[in-house]
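What follows is each chain in one-letter form.
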Amino acid sequence: MTIPAHSTALVTGASAGIGAIYADRLAKRGHDLILVARDAARLTALAERLRAETGRKIDILPADLTDPAHLSLVAQVIADAPNLGILVNNAGMALSGTLTTSPDAEVARLIALNVTAPSLLARAAAIRLNAAGAGAIINLSSVLALIPESFDATYSATKAFILNLSQGLAQELATSGVQVQAVLPGATRTEIWERSGKDIDSFPSEMVMAVDDLVDAALVGLDRGETVTIPPLADLADWETMQTARLALGPQLSKRDVAARYAASATA
């Protein structure tokens, strides 16, 4: 799998936090950028800094990815932008409450931003990069995809969707030359906490990763060709054991006959 040198990377949620650091690191690796976010002023400031520091071509595309028209525009840019080589699907949000305490509109917005937008942008990138035979799709998931009991169920579910999407898409594109990577951060010091009304400083300090460290680790995983990168996980064998157990379930999950443990209950 190959990421073309000096290709263009499109980064969503690029105005701050994880997206802004990806923009910084990719520009310093020699990539031109298309930066997508709602905050045009922040995008402009970031673009000006990165142009000055790296000499790369940096374009901005202010867009609200929960707006279908804006989302369609960004997907079209992915399809048409010259020399596109990387998509970083980073834009996301968390609820201010939970599924049962948050307004319907907020839940719908969460799903639009965390599920619908990255799915359609990944689709556009997969078609484009598959035709080129090279490139990378980086999807920001979360460790909460693996531990839904630990946080709001809806947010965790959206991140589990991204993990499944990435693993399935990686299989679909396995022979295409296109790399698909899901990045699973733990608690990371970004603005998502403040925006959802939560205090990141209420967490034990040893649980919270700096955003620079997260992105640098994720790029090491990308360079190694990982499909799933979990920067806080010390022992890779723990993930591999889980994956092995999950895959071993496959042959047991679709059969003609009801499992005996259910048939016995039905006839009792």
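The structure this text deals with has already been given above.
These numbers come from a predicted model, not from an experiment.

**Focus on the nonpolar core**
Where a protein is soluble and globular, its nonpolar side chains tend to be buried together. One finds L10, V36, L65, V74, I78, L121 and I137 to be the most contacted residues of the largest nonpolar core, which totals 35 residues. Taken together, the elements giving at least two residues each to this core come down to β2 (32-37), α3 (68-80), β4 (84-89), α4 (104-132), α5 (153-172) and β6 (178-183). For this core, the element with the highest residue contribution is α4, accounting for 10 residues. Leave out the neighbours within four places in its chain, and V74 touches L10, V36, L61, A63, L65 and L121. By size, the runner-up hydrophobic cluster in this structure holds 30 residues, among which are A9, A14, I86 and V183.

**Describing the pairing of strand β5 (residues 135-140)**
With 6 of 6 residues buried, β5 lies mostly within the body of the structure. Where burial is concerned, the two faces of β5 agree: the one with G135, I137 and N139 and the one with A136, I138 and L140 are both buried. Relative to β5, β4 is paired through 4 bridges, and the arrangement is parallel. Directly across from V88, in β5, lies its bridge partner I138.

**Focus: the sheet that holds strand β7 (residues 228-229)**
Reading across from one edge, β3-β2-β1-β4-β5-β6-β7 is the order of the 7 strands in this open sheet, with parallel pairing throughout. With one partner strand each, in any of the chains shown, β3 (58-62) and β7 form the two edges of the open sheet. Pairing of β2 with β3, which is carried by 5 bridges, proceeds in the parallel orientation. Bridging across to β3, L33 finds its partner in I58. Contacts from α4 reach β1 (8-12), β4, β5 and β6, with the element oriented near 160 degrees to β4.

**A short note on the pairing of β1**
Each regular strand carries side chains that alternate between the two faces of the sheet. Most of β1 is tucked away: 5 of the 5 residues are buried. Here 5 bridges tie β1 to β2, and the two strands are oriented parallel to one another. Along β2, the bridge assignment pairs L10 with I34. Read as a crossover between parallel neighbours, the route from β1 over helix α1 (residues 17-28) to β2 is right-handed. Pairing between β1 and β4: 4 bridges, direction parallel. Its bridge partner lying in β4, L10 is registered against L87.

Rules behind the numbers
Residues numbered from 1 in each chain as written. Predicted model: local features only at pLDDT ≥ 70, side-chain atom pairs only at ≥ 80, totals over all residues. Heavy atoms only, no water. Core = buried A, V, L, I, M, F, W, Y, C linked by side-chain atoms within 4.5 Å. Buried < 20%, exposed > 50% of the residue type's maximum accessible area, 1.4 Å probe, protein only. Helix = DSSP H or I, 4+ residues; strand = E, 2+ residues; numbered from the N terminus. Contact = heavy atoms within 4.5 Å. Pairing = 2+ DSSP bridges. Axes fitted to C-alpha atoms, helices over the stretch in contact; angles between N-to-C directions. Right-handed = clockwise from strand over helix to strand, strands pointing away.

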